[in-house]
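Chain and residue survey
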Amino acid sequence: MRLHIRTLPSLLRLLESPPCHRPLRRYLSGLSANGIAASRRRLSTDGPAPRPVIGQDSVEVLGASYPRDDFTNVTAKILDKVGRNLHNQPHHPLWLIKERIKAHFYSSYIGRWGNPLFSVHDNLSPVVSTEQNFDSLLIPPDHPSRKRGDNYYLNRTTMLRAHTSAHQRELVRSGLDAFLLAGDVYRRDEIDASHYPVFHQMEGVRLFTNHEVFSKVQDGHELSLFEAGGRRTPQKQETHSLEAVKLVEFDLKNTLTRLITYLFGDDVEVRWVDCYFPFTHPSFEMEVRFQGDWMEVLGCGVMEQELVNSAGAGHKLGWAFGLGLERLAMVLYSIPDIRLFWSQDERFLQQFRLPDIQQPVTFQPLSKYPPLHNDISFWLPEESEAGRESFTQNDFYELVRSVGGELVERVSLQDEFTHPRTGRRSQCYRIVYRHMERTLTQDEVRRVHQQIEHAAETELGVQGRY
């Protein structure tokens, strides 16, 4: 029996009944029973970690040593963030968001024996192999996301994860069908109030058997997740049946709509936008209307079957989603600057010490100290003989972070110039300095700025125009 697509709306209505809700007898904060296998993989970072060290020949982080090579670009300031685990610090705003999402999934999705269906994994090491971070997710060798300028590499084969999806395959391989995964991720990026080289993600994965997808469909036992000789279309992968994909896609969107409604309130407006990810197809981004504008809050899709097959679950079909905890916290708690998440200022932290994680809270701004800005202009170095760029904007942003640290609020490119005769290129950047807890003086800003000028010339090979 083949199910015609025009019958799908009636099938989808069968799935619209709300998930089972039961009062929790106790709040579960660790791994559920079906997460024990994954916890034995020696990936956790329990307990205080030794301070990382960048030596001449090796990088030491989380108690392990990694040899340096020509790809090593991680800095001491970045490694200092490893092991901080803001998402696991009680009453931190990122912890609040994570715990609220956990509580929603724990109470809304209950397994056969009365336990939460989704296990939670929030303490996996951020040090991963490039194979985990890219190849396991079907990211091609020439994909731009692999660039050295966009990631933090310990060496050519080891890096700080750029997304929590780096652990997706190993958790599925351990036998998990439904899990949430949270952790810190690392990307070299621009500098402004909403970008930081370390941020936190949370993602979810759900796998279904043939019976689970079609159990509510009349004559569902005659239907299959897969079809032979199929072709890839915008709606499905070549190995999937259209009926199965539409039902799994509905479950995914229904699950995420319930989550966002739980976080933002019943009156939230949601829309779905088709997009592309290497590890899902079809893929979508969810946008919510917030303060009059549409804002992207998460990405999701039907997992690529090749990924599921490689994890030993080839008889199942699944979905996955990922969201940024900082973005949600900044919106829900009105936090204006991403640097605040790393603040040790009690005036910030005490605002989130709530008796109940569901209690609404709006951040009350600390005193807004005045900004100071200085410009820096320089000639760019010429391209290397191999034709590769010898200077990228991310290199400069990383240098500014290394020297200026948390004093730098924003770096923006103000002007680019190409000399008409020589062809030499120059750039001018504006660096905005603002301390989160006190007023800066022009003298101390000038000293930092001069250090940045000197470091740019000696480390990036630029020629100053100041």
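The structure this text deals with has already been given above.
Below: a short report on this structure. Here the structure is a predicted model, which means the values were calculated and not measured.

Right, let's talk about the overall build of the protein for a bit. Tallying secondary structure elements over the protein gives 13 helices and 17 strands in all. When each of the 466 residues of the protein is scored for burial, the buried share is 51%. For the protein, restricting intrachain contacts to residue pairs at least 6 apart in sequence, the fraction spanning at least 24 positions comes to 66%. Of the accessible surface of the protein, which amounts to about 22400 Å², a share of 48% is contributed by carbon and sulfur atoms.

Locating Arg 188 in the fold gives a position in the loop between strand E8 (178-186) and strand E9 (198-208). If we ignore the near neighbours within four places in the chain, the residues touching Arg 188 are Asn 73, Arg 148, Gly 149, Asp 150, Asn 151, Tyr 152, Asn 394, Asp 395 and Glu 398.

Within a regular strand, side chains alternate between the sheet's two faces. Where strand E10 (residues 270-277) and strand E11 (residues 280-290) come together, seven bridges link them in antiparallel fashion. From the neighbouring strand, Val 270 faces E11, where its bridge partner is Val 288. Between the end of E10 and the start of E11, which pair antiparallel, lie two residues.

Another point: the environment of Pro 93. For Pro 93, the position within the fold is in helix H4 (residues 93-108). Of the residues examined, Pro 93 reaches a relative accessible area of 0% and is grouped as buried. Residues Pro 93 and Ile 335, 242 residues apart in the sequence, show an inter-C-alpha distance of 9.5 Å.

Pairing in this open sheet of four strands is antiparallel, and the strands run E15-E16-E14-E17 from one edge to the other. Edge strands, defined here as strands with exactly one partner in the open sheet, are strand E15 (408-418) and strand E17 (463-464). Taken together, the nine bridges between E15 and strand E16 (residues 425-433) define a ladder with antiparallel strand orientation. Looking at E16, one finds that Asp 415 is bridged to Cys 428. Helix H13 (residues 442-460) rests against strand E14 (372-379), E16 and E17 of the sheet, and its axis sits at about 20 degrees to E14.

Once that is clear, we can look at the nonpolar core. Core analysis: the biggest nonpolar cluster contains 80 residues, and Ile 101 and Phe 264 have the highest contact counts within it. Looking at this core element by element, the count peaks at 10 residues for helix H8 (residues 242-264). The contacts of Ile 101, once residues within four sequence positions are left out, are Met 202, Leu 259, Leu 263, Leu 323, Leu 325 and Leu 328.

A separate point is the packing of aromatic side chains. Counted according to the given criterion, the structure contains 18 aromatic pairs. An angle of 55 degrees between the planes, with centres 5.6 Å apart, marks the rings of Tyr 333 and Phe 352 as tilted. You can see Tyr 333 sitting in the loop between helix H10 (325-332) and helix H11 (346-349) and its partner Phe 352 sitting in the loop between H11 and E14, a full 19 residues away along the chain. Given a relative accessible area of 0%, Phe 352 falls into the buried group. When the centroid spacing of 5.3 Å and the interplanar angle of 65 degrees are considered together, the rings of Phe 378 and Phe 396 count as edge-to-face. Separated by 18 residues along the polypeptide, Phe 378 in strand E14 and Phe 396 in helix H12 (residues 393-404) bring together distant segments of the chain. The pair formed by Phe 378 and Phe 396 is uniform in burial state, with each residue classed as buried. Each member of the aromatic cluster is reached from another via a ring pair, and the members are Phe 105, Tyr 109, Phe 118, Trp 319 and Phe 321. Across the ring face of Phe 284, the terminal group of Lys 253 is positioned such that the distance to the ring centre comes to 4.0 Å. Between Arg 465 and the ring centre of Trp 379, over which it is positioned, the NZ or CZ distance is 4.5 Å.

Moving on to the pattern of salt bridges. Evaluation of the coordinates by the stated rule reveals 30 salt bridges. With its nearest N and O atoms 4.0 Å apart, the salt bridge here joins Lys 246 to Glu 249. Note that Lys 246 and Glu 249 are positioned in helix H8 at a spacing of three residues, about one turn of the helix. Residue classification places Lys 246 among the partly exposed residues on the basis of a relative accessible area of 24%. Judged by relative accessible area, Glu 249 falls into the buried class, the value being 11%. Between Asp 345 and Arg 347 there is a salt bridge whose closest N-O contact spans 2.7 Å. You can call Asp 345 buried: its relative accessible area is 10%.

Now for unusual backbone geometry. The step from His 281 to Pro 282 runs through a cis peptide bond, and the omega angle for that step is -5 degrees. Relative to the helices and strands, Pro 282 resides in strand E11. Notably, Asn 85 is not glycine yet its phi reads approximately 50 degrees, a positive angle. A positive phi angle, close to 75 degrees, is found at His 91, a residue other than glycine.

This part covers the sheet that holds strand E12 (residues 293-303). The strand order across the open sheet built from seven strands is E4-E8-E9-E13-E12-E11-E10, with neighbouring strands paired in mixed fashion. The sheet is open, and its two borders are formed by strand E4 (119-121) and E10, each paired with just one other strand. Ignoring which end each strand starts from, the neighbouring axes of this sheet average 25 degrees apart. Looking at chain direction, E9 and strand E13 (residues 317-324) are connected through eight bridges and run antiparallel. In the sheet register, Gln 201 faces E13, and the bridge partner there is Gly 324. Contacts from H4 reach E4, E8, E9 and E13 within the one sheet, and its direction differs from that of E9 by about 10 degrees.

Conventions used here
- Residues numbered from 1 in each chain as written.
- Predicted model: local features only at pLDDT ≥ 70, side-chain atom pairs only at ≥ 80, totals over all residues.
- Heavy atoms only, no water.
- Helix = DSSP H or I, 4+ residues; strand = E, 2+ residues; numbered from the N terminus.
- Buried < 20%, exposed > 50% of the residue type's maximum accessible area, 1.4 Å probe, protein only.
- Contact = heavy atoms within 4.5 Å.
- Areas by Shrake-Rupley, 256 points an atom, 1.4 Å probe, with all protein chains shown as cover.
- Pairing = 2+ DSSP bridges.
- Axes fitted to C-alpha atoms, helices over the stretch in contact; angles between N-to-C directions.
- Core = buried A, V, L, I, M, F, W, Y, C linked by side-chain atoms within 4.5 Å.
- Phe/Tyr/Trp six-rings, centres within 6.5 Å; stacked < 30°, edge-to-face > 60°.
- Lys NZ or Arg CZ within 6 Å of the ring centre and 35° of its normal.
- Salt bridge = Lys/Arg side-chain N within 4 Å of Asp/Glu carboxyl O.

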